[in-house]
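Report on the structure
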Amino acid sequence: MLNLDSVEEASPPPPESSQHLLEEEAGTPEAPAVHLEPPYSTPLAPFDMELMQRVGLSDKLKGSGSLWEGRHRGQTADPTTDFMVQEREAAGGKHRKSSSDSLSDKRARFAASNASTLQLPEVAAGPVANGKKKSSDPRNHNHHLSSPLLPMTEPNSGNNGYDERECSCPREFYQREEINTSLFFEDCTRSIDFVLAFRINAHEPTEAENTEKRRVFEANLVSQGLEVEKSQKDQICFVKIHAPLEVLRRYAEILKLRMPMKESLCNLRIYERTNRLQNAAHYLSKKIPGMSVVNRSTKSIFSSLKTVCQFFLRNIHVDEHIFPKRAHRFTAIYSRDKEYLFDIRQDCFFTTAVRSRIVEFILDRQRFPAKNQHDMAFGIERLVAEGVYCAAYPLHDGEITETGTMRALLYKHWASVKKWYRYQPLDDIKEYFGVKIGLYFAWLGYYTYMLLLASIVGVICFLYSWFSLKNYVPVKDICLRANTNITMCPLCDWCNFWDLKETCNYAKVTYLIDNPSTVFFAVFMSFWATLFLELWKRYSAEITHRWDLTGFDVHEEHPRPQYLAKLEHIPPTRVDYVTNIKEPTVPFWRMKLPATVFSFSVVLLLIALAFVALLAVVVYRMSMLAALKVGASPLTTSSAIVLATASAAFVNLCLLYILNYMYSHLAEYLTELEMWRTQTQFDDSLTLKIYLLQFVNYYASIFYIAFFKGKFVGHPGQYNKLFDYRQEECSSGGCLTELCIQLAIIMVGKQAFNTILEVYLPMFWRKVLAIQVGLSRLFNNTPNPDKTKDERWMRDFKLLDWGARGLFPEYLEMVLQYGFVTIFVAAFPLAPFFALLNNILEMRLDAKKLLTHHKRPVSQRVRDIGVWYRILDCIGKLSVITNGFIIAFTSDMIPRLVYRNYVSKDGTLNGYLDFTLSEFKVSDSPTLYSLAGDLSNITSCKYTDFRLPPSSPDKYDLSSMFYIILACRLGFVVVFEVSI
């Protein structure tokens, strides 16, 4: 257990900047006193009060109704008593505002009354305590400051230098007309920071054991300083947890949280914000004759264009009337020794996200009794898994229909599909859900934005191929050749001869994919993938700076409790240089190496299993093709190929979901064995394992079609067989169309299926939870209460758990889609367009799912998207290689170029179809001769290859043209890779 002893508090001397600021302000004319209302008029640190008295500013800075006025005038009245009296008067309606005011007005009033420390008089509008910018509207300066909406005091026994009253209210509580009392303890003073829920077990021995575990666990929570309150409703017991200020201060220092500094240390004077170079340029422009005329004419020229642009941008960017811009606050690692840097008494200094994170940190590290003194008998996660508790969760700030809550605001103006064209309010998302979820939506929005350009170029290339199809000579030769039938060799050992004209439609579809624009689009997407990552690095750096994540160090992360529990029997030998705590070291030969070797072996076994599934799909496709060609009513070759490929792709998609379910559970078990120290290391290792398995699972069949199918089949009469079976062959136009069909079905089908699951699966499980609660009420003869009067903790209990790795499937889905968009884009130019449509819905559906169906996640602090960036970088590099090989070896672009420049006399594709076909004499193969039967008119057949004719002495050997084309293909790959 971590050493949580209190750190000795000291009052360091005031910084020189504070002394200089006070002396300078004392020389200015006296400004009107600031009218501050409790509980926001909080005393400064003792050294600040001494400085104020020394320079004679104490009268200026003290509000007329301040609770602390009596302390300096010799009054004996208790300020806490005065505060409670004023609060009762405020509750009586003396200072109640009209309910017709808008939400922005309420925010402005809250900001105006939110002066957390005794500050110097201000004239200009500046940042306020809730992080928003104060409105500059004159009407906001005329009304009286509103009284507090809710008492936030706790009686204290001692009288030290600090005011022991704490502000336990989240910022969102002040944005509504009526306070939801179910967000607080029974005294309506202490906020509910976390909730534990449990049911009474009908089996008495089990319930007795669970009761003892809960008693010890909750006693440990109280010993850490947390406050607990219990209640029961509908046979469900709730343990409400509140973190007092002292606990928050202690654990904020332990976790090295970055907290906002005092505004007086962050504000800059007007002249410091002005650029001297801009002032000089403005001065010179006034002195140059005629410059003012040029400025006016230039403004008149661009004013209309600027107005039009602003109109469109106003409807695309975040609506600042709904989500005002947040003022930037400097932060620093919190320390109780340097508490003078922070507004510790500021309203909502510890936000709801910070409070829930601190409480979860405590919950994860408290022990409970277990049989045989089990090492893993600790943590709320273990108790939930054993059924001692049903759930553990922080609270939402209200319903999605409750006016004035951040949840309702995000649901209406962010999660709505009707707002798909709007930018996301990332700052408000980060404030409500935490940095980790905020970064995911920032990345998803940026990825969707970048897909817009790629989808436009892809659609243009597809339209070009559509309109140029009628002039493509090889398609005309197949579909419109008169009085000439080209008999093709059978595609399997028991298939019949077939006419090339049957593949007319197949040849048209092939040209839509394999045309001159394919090369351009592949090159464009290779540059796009590189540009995507580089621009994301810049955008991520901007977000990191804006959210003040630059100082976050992964080495500051504390060890996982599971890690420490498994090493509990090992004496600590290493002192962490960041946390300064002694920790045990994992024995390499006894624990680390065996676990790593075992994990690696199992991963190889699972990869082999994915290849077995691929072989099963290949056998199914060959069998389906033969059944469609040999049946009672055989289909044409073109229809049989398309139908067999499509059905095999659906079978492959079903196998993917079965294997993925098994992969996820095995990967988590293997990662636990590897003994990773921190949660970040654990998540990165788990991510790499699952993505490697998913990569093989999703892309193995696509790689097979792109690079192996039809490449090593041999020729009629001498086929290369595996397990005494012929290999699959491509049609006369190559395998690019089959690759496109496979890509389209797996990618689009996977996206559609996941979208259906994301929409309806949470609704299904919520119904199940509601039925369970309803049945318990029915069997206990409890009347059905009014749902609108349910407490917040009861409503959130009926929601689904988000989980510590709730974002993992979301990231995995998008990164797999990124692979489809980049790695095989040469075979499916419309992939970016379908990805764009999916992501527009995905972004809003994920937001709706988070706000509607799930409990509020605990905030997690990260610096970036982690290992996913390295995976995206590897995919981008792999995409350049795969697209080059697909164009060179899978498509017919290189043979067409060779024919135009080396064979054709007029530089056209006239005769190209005959150039790609080789002839085989049926009598040279007993199998083909038996298939021909009595049809003596079939003496030869054609097949797609570059081989010598039967009349040649070296018949059926590879011709010189094959090697010329092979050399050109390899040269294209080299040029393509080097140029990109």
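Conventions we followed
- Residues numbered from 1 in each chain as written.
- Predicted model: local features only at pLDDT ≥ 70, side-chain atom pairs only at ≥ 80, totals over all residues.
- Heavy atoms only, no water.
- UniProt positions renumbered as here; feature names shortened; annotations may be inferred.
- Helix = DSSP H or I, 4+ residues; strand = E, 2+ residues; numbered from the N terminus.
- Patch = residues over 30% accessible without salt bridge, like charges linked within 9 Å, V, L, I, M, F, W, Y side chains within 5 Å.
- Areas by Shrake-Rupley, 256 points an atom, 1.4 Å probe, with all protein chains shown as cover.
- Salt bridge = Lys/Arg side-chain N within 4 Å of Asp/Glu carboxyl O.
- Buried < 20%, exposed > 50% of the residue type's maximum accessible area, 1.4 Å probe, protein only.
- Axes fitted to C-alpha atoms, helices over the stretch in contact; angles between N-to-C directions.
- Parallel < 35°, antiparallel > 145°, perpendicular 65-115°, else oblique.
- Left-handed = near helix turned anticlockwise from the far one by under 90°.
- Contact = heavy atoms within 4.5 Å.
- Nonpolar A, V, L, I, M, F, W, Y, C, P; charged D, E, K, R; others polar.
- Disulfide = S-S within 2.5 Å.
- Pairing = 2+ DSSP bridges.
- Lys, Arg positive; Asp, Glu negative; His and termini not counted.
- Phe/Tyr/Trp six-rings, centres within 6.5 Å; stacked < 30°, edge-to-face > 60°.
- Lys NZ or Arg CZ within 6 Å of the ring centre and 35° of its normal.

Going by the annotation in an unreviewed UniProt entry, the name recorded for the protein is Anoctamin, with Drosophila madeirensis given as the source organism. Note on the protein: under the UniProt heading Sequence similarities (unreviewed entry), the record states "Belongs to the anoctamin family."

This next bit is on the UniProt feature "transmembrane region" (unreviewed entry) in the protein. The positions that UniProt labels "transmembrane region" (unreviewed entry) are, in the present scheme, residues 446–467, 597–620, 640–659, 686–707, 815–841 and 956–976. What you have in residues 597–620 is 100% helix and 0% strand, and the ends, taken at the C-alpha atoms, are 35 Å apart. Annotation note: span residues 640–659, helix share 100%, strand share 0%, distance between end C-alpha atoms 28 Å.

To continue, consider a nonpolar patch on the surface. Together, V308, F311, F312, I316, Y423 and Y449 make up an exposed nonpolar region whose accessible area comes to about 620 Å². Considering each element in turn, the nonpolar patch owes the most residues, three residues, to helix α11 (residues 291–314). Considering the arrangement of structural elements, one finds F311 in helix α11. Look at F311 and you get partly exposed, because its relative accessible area is 47%.

Remark: helix α16 (residues 435–467) packs on helix α27 (residues 831–852), axes separated minimally by 7 Å, with the N-to-C direction vectors making an angle of 155 degrees. Taken together, α16 and α27 sit at an angle that is classed as roughly antiparallel. Two packed elements cross with a definite hand, and for α16 against α27 that hand is left-handed. Counted together, I437, Y440, F441, L444, G445, Y447, T448, L451, L452, A454, S455 and V459 of α16 and P832, F833, A835, L836, N839, I840, E842, M843, D846, A847 and L850 of α27 form the full contact between these two elements. The class makeup of the residues in the contact of α16 with α27 is 17 nonpolar, four polar and two charged.

It is worth spelling out the state of the cysteines at this point. All chains considered together, the criterion is met by two disulfides. The disulfide that involves C479 links it to C504, with 1.8 Å between the sulfurs. Disulfide C479 to C504: torsion about the S-S bond roughly 110 degrees, handedness right-handed. Here C479, found in helix α17 (residues 473–479), pairs with C504, found in helix α18 (residues 504–513); they are 25 residues apart in sequence, far enough to count as distant. For C479, a relative accessible area of 18% puts it in the buried group. One disulfide bridge connects C489 with C941, the sulfur atoms lying 1.9 Å from each other. Looking down the S-S bond of the C489 and C941 bridge, the torsion is 80 degrees, so its handedness is right-handed. Taken as a pair, C489 in the loop between β7 (487–488) and β8 (498–499) and C941 in strand β16 (residues 940–944) lie far apart in primary sequence, 452 residues in all. The burial state of C489 is the same as that of C941; both residues are buried.

In sheet architecture, strand pairing relies on hydrogen bonds along the backbone and comes in two forms, parallel and antiparallel. Taken in spatial order, the four strands make up an open sheet running β2-β3-β1-β6, and their pairing is antiparallel. A strand with exactly one partner marks an edge of an open sheet, and here the two such strands are β2 (227–233) and β6 (391–393). Taking each pair of neighbouring strands and ignoring which way they run, the sheet shows an average axis angle of 20 degrees. Direction of pairing for β2 relative to strand β3 (residues 236–242): antiparallel, over a ladder of seven bridges. The residue of β3 that forms the bridge with Q232 is C237. Where helix α6 (residues 204–223) meets the sheet, it contacts β1 (194–199), β2 and β3, and its direction lies at approximately 165 degrees from that of β1.

Right, let's get into the side chain of R969. Among the structural elements, R969 can be located in helix α32 (residues 960–979). Among buried charged residues, R969 stands out as having no salt bridge; its nearest opposite-charge side chain is D892, 4.7 Å away. Not counting residues within four places of it along the chain, the set of residues in contact with R969 comprises A888, F889, S891, I894 and P895.

Another aspect to go through is the packing of aromatic side chains. For any pair of aromatic rings, geometry is given as the distance between the ring centres together with the angle between the planes. With the rule as written, the count across this model stands at 52 aromatic pairs. Look at F962 and Y963: their rings are 5.3 Å apart centre to centre, the planes differ by 85 degrees, and that puts the pair in the edge-to-face class. Taking the ring centre of F198 as reference, the NZ or CZ of R214 above it sits at 3.9 Å. Against the face of Y432 rests R856, its NZ or CZ located 3.9 Å from the ring centre.

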